[in-house]
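As a plain string of letters, each chain reads:
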Amino acid sequence: MEEEFYRIKRLPPYVIAEVNAMRHAARVEGRDIIDLGMGNPDLPPPPHVIDKLCEVARKPDAHGYSQSKGIPGLRRAQANYYERRFGVDLDPETEVVVTLGSKEGLATLASAITAPGDTILAPNPSYPIHTFGFIIAGASIRSVPTTPDEQYWDALEKAMRFTVPRPTILIVNYPSNPTAETVDLAFYERLVAWAKENKVWILSDLAYSELYYDGNPTPSILQVPGAKDVAVEFTSLSKTYSMAGWRMGFAVGNKKLIAALTRVKSYIDYGAFTPIQAAACAALNGPQEIVDTNRELYHKRRDVMIEAFGRAGWEIPAPKASMFAWAPLPPELVHMGSLEFSKELLTQAEVAVAPGVGYGEDGEGFVRIAMVENEQRLRQAARNVKRYLQSKGVNRVAA
Ligand SMILES: Cc1ncc(COP(=O)(O)O)c(C=O)c1O
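Each chain has its residues counted from 1, running along the sequence as written. Since the coordinates come from a predicted model, pLDDT governs what is reported: local features require at least 70, and pairs of side-chain atoms require 80 or more to be given and counted, while whole-chain, interface and lining totals use all residues. Here the side-chain values reflect all heavy atoms present in the structure, with hydrogen atoms and water set aside.

The next subject is a nonpolar patch on the surface. A cluster of nonpolar side chains, namely F5, I8, L11 and I136, defines an oily patch on the protein surface of about 370 Å² accessible area. Numbering goes from the N terminus for both helices and strands, where a helix is a DSSP run of H or I of at least four residues and a strand is a run of E of at least two. Among the secondary structure elements, L11 is positioned in the loop between α1 (6–9) and α2 (15–28). For patch detection, residues must exceed 30% relative accessible area and be free of salt bridges, and they are connected within 9 Å for like charges or within 5 Å for nonpolar side chains (Val, Leu, Ile, Met, Phe, Trp, Tyr). The accessible surface values rely on the Shrake-Rupley method and a 1.4 Å probe; as for residues, cover is taken only from the protein chains in view. Basic side-chain nitrogens of Lys or Arg form a salt bridge, by our definition, when they fall within 4 Å of a carboxyl oxygen of Asp or Glu.

What follows is the structure, given as structure tokens:
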């Protein structure tokens, strides 16, 4: 009975939890922490979506078990979204499943299609479920880079040549959490061809489908003709409609993968609360102005943050998409490492960020900054950061 459980032994301490615990403790002490750590939207969902939730929740027959794979109307709404946004045709019966957030969908699909000992190709750094979903399912991870350049293709080739057993699944996530990198359709075209040649399934996480800036809409891998032969894609209402707590996401694409996910889900859950599914239909089918408004709002925050932090002496590349900036540690402070730097930023500047190393070893040297506070708070964060940097002897101030 002393031996740790097999799966628990494979889950290392969650590095980001250390910073979260410190943030919590600081708040309990009454300190005003500017929280740019978690990717938790600070904006409300559209009012008509909340109205629909309330309206349906008042119906006496809306409180029983729902359908594990999602009500038909919601699967149709998701298919319509793909048609409208990407020109992709999906069969709501066989190519769409509703998930309890995309995180649950990824984890359930991982457990459905992974055998113990399989090797999975996942980005490093990555959003944790991209690796741990598969580790929990008993697989091993071979890391690939996130930057979609020639080294990426090189890493894929090497992984296929030298990994035993041969990898069976590749995870991609663009716009990337945590690095905010993006790809174009040509990247996906090459990826689909590569996957077919190498007999590898592709799982694409498109959680930030609508948070793109500078007028450059994010593509879907399913826009590539024939992508459905090898790929599924996950999307989410969490960021698009600021509905993170509602736990509403989707997987769409390859029928065999969707059937596997649907089947395992049917053993585990009864689907989301029906009023939430009805409200999700309202979000997808209703007026979409809020999506544009929120995109502009994050865009503005991005510009404010990059400018204010730059003036404070911390040069951060402007992300092209997502709600994050992936910030290299100021060169003078790289020796601290991202965890120590994040802790000091919290205790000395009262600004919470996420240490890059929490997303994998290749995230070391960076922190992830979430744009989930308003412009005024972002400017305040920059002033605090400036004081902190000066206290560390970093006195660079932009001209
Ligand atoms: C890349 C990525 N995928 C998935 C998720 C999980 O989203 P959901 O709320 O749909 O589970 C997140 C949340 O931050 C994310 O950043």
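There's plenty left to go through after this.
Right, let's talk about the packing of aromatic side chains for a bit. The description of two aromatic rings rests on the distance between their centres and on the angle between their planes. Any two of the Phe, Tyr and Trp rings considered here, Trp counted by its six-membered ring, make a pair once their centres fall within 6.5 Å; the pair's planes then place it as stacked at under 30 degrees, edge-to-face at over 60, or tilted in between. Evaluated as defined, the whole model comprises 15 aromatic pairs. Each ring, one from Y152 and one from W153, has its centre 5.5 Å from the other, and the planes form 90 degrees; the classification is edge-to-face. A residue is classified by how much of its surface remains accessible, and Y152, at 1% relative accessible area, is buried. The interplanar angle of 45 degrees and the centroid separation of 5.3 Å between the aromatic rings of W153 and F187 together place this pair among those described as tilted. Of this pair, W153 sits in helix α7 (residues 150–162) while F187 sits in helix α8 (residues 185–198), and the two are 34 residues apart along the sequence. Remark: exposure states derive from per-residue accessible area (1.4 Å probe, protein chains only) relative to the maximum for the residue type, with buried under 20%, exposed over 50%, and partly exposed in between.

Bringing the UniProt feature "domain: Aminotransferase class I/classII large" (unreviewed entry) in the protein into the picture now. UniProt positions are given in the numbering used here, feature names are shortened, and annotations may be inferred rather than shown by experiment. UniProt records the feature "domain: Aminotransferase class I/classII large" (unreviewed entry) for residues 32–383 in the present numbering. End C-alpha to end C-alpha, residues 32–383 measures 14 Å, and it is 42% helix and 14% strand.

Interface size is commonly expressed as the accessible area that is lost once the parts come together. Here the domain parsing of the protein yields domain 1 (6–44 + 289–391) and domain 2 (47–285). Here the C-alpha centroids of domain 1 and domain 2 sit 26 Å apart. Contacts: residue pairs with any heavy atoms within 4.5 Å of one another. Of the residues lining the interface, 32 residues belong to domain 1; the matching set on domain 2 comes to 27 residues. Simply put, the buried area is the total loss of 1.4 Å probe accessible area from both parts when two parts are fitted together. Interface area, domain 1 with domain 2, both sides summed: about 2,700 Å², of which 62% is carbon and sulfur. The tally of links between domain 1 and domain 2 comes to two salt bridges. Between R302 and D214 there is a salt bridge, with its nearest N and O atoms 3.2 Å apart. What qualifies as a polar contact is a pair of N or O atoms within 3.5 Å, subject to a donor-acceptor requirement within protein and to the restriction that residues adjacent in sequence count only when both atoms come from side chains. Inspection of the domain 1/domain 2 interface yields 13 residue pairs in polar contact (both at pLDDT 80 or more). Counting residues per element, the side of domain 1 that touches domain 2 draws most heavily on helix α12 (residues 289–311), at seven residues. Split by residue class, the side of domain 1 that touches domain 2 holds 17 nonpolar, seven polar and eight charged. Reported domain spans reflect what an automatic or database domain assignment gives. Note on residue classes: Ala, Val, Leu, Ile, Met, Phe, Trp, Tyr, Cys and Pro are nonpolar, Asp, Glu, Lys and Arg are charged, and everything else, Gly too, is polar.

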